[in-house]
Structures are given as C-alpha cells and as structure tokens.
Amino acid sequence: MVNHLQVTHKFNIDNIAGKHETRNMSIDYDGNVVLLTSTKKIGKFHHSIFHVTEWGVQKIIIPPSQEPLHYAQLLGDNWLLVNARAKNDTTHNAFVYDETQKLISSFHMGDGIEDVQTTKDSDIWTSYFDEGVFGDSIGASGLLCFDKNGVKIFDFVKFVQTPRNNEIPFIDDCYAMNVYSNQTVYSYYYSDFPLLALHNKTDYELFNHEPLKESPIVGSKAFSIWKDYILFGHGYEDKGQIHLYSLQNKTIERYLPVNEENDIINYDYAVGRKHKLFLVCENDVYLADIRNVIE
C-alpha cells in the first residue's frame, strides 16, 4: 500500500536564480539550501551561489573560471567551491573564496566526486562515484574527509582495513551521504547498500539489513534521518515515491508526496541532510521533514 504524504512548497528555483544553464542543489550544516548555478559565456563559466535561509536569499557571485564548479558549501566564514573532476593528482579542484569573493586558497580533492558536505567545524566530507573509486586518484577510497586547508584527516579504506573494522564493506560507489553533525556521518553505498554511521572518525555502526538491499530502497541517491528512522528518496525503481525505513523494526513504508492541493508531485530528484529531504520537481522545491512523517 502506498500512502500520500503532504510536503511543503519552499520556493521556485527560477524565481530565485533567474536564467541559468546548469544548477546543483545542496544543504548546509544548518539545513539551509545552497543553490549553485552556472552559465558559460565566451569560454568561461560564471557561477552564482544562492543561499536560501529563513531570513531570505543571499546571492554570491563567484569570479569567472576556466572549469565548471559543481558543489558549494560554507567553510567557516568562507565559501568552498568544488569541481567534481580532476585531470590528474596535482590538479586543484577545490577553491575557497572569502566574504569579498576573493580566492584565498585552493587544493586537490580527487576525481569523480559524488558529493561534498562541510561541518560547522570546517571538516570537508567528500564522497566519490565509481569513476573516482576505480580511477587513479585519492577518490579510490570512496569517502574522505579533509580539513579546511585540504589536508586529508580521514580515509575510508584505511579505516576499513583496521582489523576491528573489517566487517565493513568497501565502497564501489557512494550513492548518498548525510553529514549529520560534527561527530556523525552516514553513508549509503554500492554494491552491498549498507547504511554506515561513522562517529568521531573512530567508531561506527553498520546497518546491513536485507530490506536496505531490496527494491524500493536500493539505489537511492538521498536520505534524511531522525532517531531510528530513515526517509529515502526513490531508488532504481518506484520513481516519484519516498520510503520510510525503520532501523529498529526493519520495515518499509511507501509514500507518494503530494502538495497542499493533494496533487501528486512526480519529483525528479531528492537532496537530503539531517532530518530534511528536499524534493525537486522541475523548478519547484518541496520539503519532506522526516520528523513530521514519524510523528
């Protein structure tokens, strides 16, 4: 049985960002939307960040670049911009801009980046898709954490290779990541599709339940989490649905998101962090808060 779940319309992307060619949406450590847009003009890429908070929208214009930038996150008082691809192991594909949009540092973060999420402590958690994992770069780890200066401070492969952690499956492709706090990071990855919680970069919890490996959850690219519940965006199948999974009971409930008029939202993709799952339907962004679902 599939129930309806009412979600909240937050904003229209075009109304905020205007004309643009590409966009990427992420969430900062406080649960606010970060929209990065790009337009190519005369051989250069022009990027703008739209930081959407309860106080309004802040627009930050980044100086033109030769390469496209795919991710934007707060880094202390600065902004981190990242290109998902790196030509070689010396290519700088992470750039830090200060409040005046001046470039103050850059460094290498590897090739094949799937997602970037920063913490209030300025840790930079970075996940990698299969081309990064099986390529010739530091992305082979599948999941890394850097400090604000680009120094690697956590390596997933080294963590798994520690004898006491050898039950943890290796990452072939990190489908989804949720940097919940300074201390706790969740990841969900191919090919075993476990849910892994990392605590303080030293301890872990592994949820390797069979339902996590089955349709409709398998292949999900985003999730939110609250207490013992996880709200997954659609996986390989059941497009347009969202799925509530109980870690305690190992059960799945399916929902079709609907708007205030009770019309079904056939969303294109989801973005999740902490307890929030944002659903993007063409140019409209809706919020499904897992706390409202379980209550």
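Above: the structure in question.
Description of the structure in this document. All of these numbers come straight from a predicted model, not from anything done at the bench.

### Some details on the packing of aromatic side chains
- Summed over the entire model, instances satisfying the criterion amount to 13 aromatic pairs.
- Arranged with centres 5.7 Å apart and planes meeting at 75°, the rings of Tyr190 and Phe193 form a pair that is edge-to-face.
- Assessed through its relative accessible area of 35%, Tyr190 is described here as partly exposed.
- For the ring pair Phe223 and Phe232, a centre distance of 5.8 Å and an interplane angle of 45° mean the geometry is tilted. Across the pair, exposure class does not vary: Phe223 and Phe232 are buried alike.
- Taken together, the ring pairs connect Tyr175, Tyr188, Tyr190, Phe193, Phe223, Phe232 and Tyr236 into an aromatic cluster.

### Things to note about the sheet that holds strand β21 (residues 242-246)
- Judged by pairing direction, the sheet is mixed, and its 5 strands sit side by side in the order β1-β22-β21-β20-β19 without closing on themselves. In the strand order of this sheet, the two ends are held by β1 (2-6) and β19 (223-226), each with one partner. On average, each strand axis in the sheet is inclined to that of its neighbour by 30°, with strand direction left out of account.
- Bridge count for β1 against strand β22 (residues 251-258) is 5 bridges, and the pairing is parallel. Opposite Leu5, over in β22, you have Pro257 as the bridge partner.

Rules used in this analysis
Residues numbered from 1 in each chain as written. Predicted model: local features only at pLDDT ≥ 70, side-chain atom pairs only at ≥ 80, totals over all residues. Heavy atoms only, no water. Phe/Tyr/Trp six-rings, centres within 6.5 Å; stacked < 30°, edge-to-face > 60°. Buried < 20%, exposed > 50% of the residue type's maximum accessible area, 1.4 Å probe, protein only. Pairing = 2+ DSSP bridges. Helix = DSSP H or I, 4+ residues; strand = E, 2+ residues; numbered from the N terminus. Axes fitted to C-alpha atoms, helices over the stretch in contact; angles between N-to-C directions.

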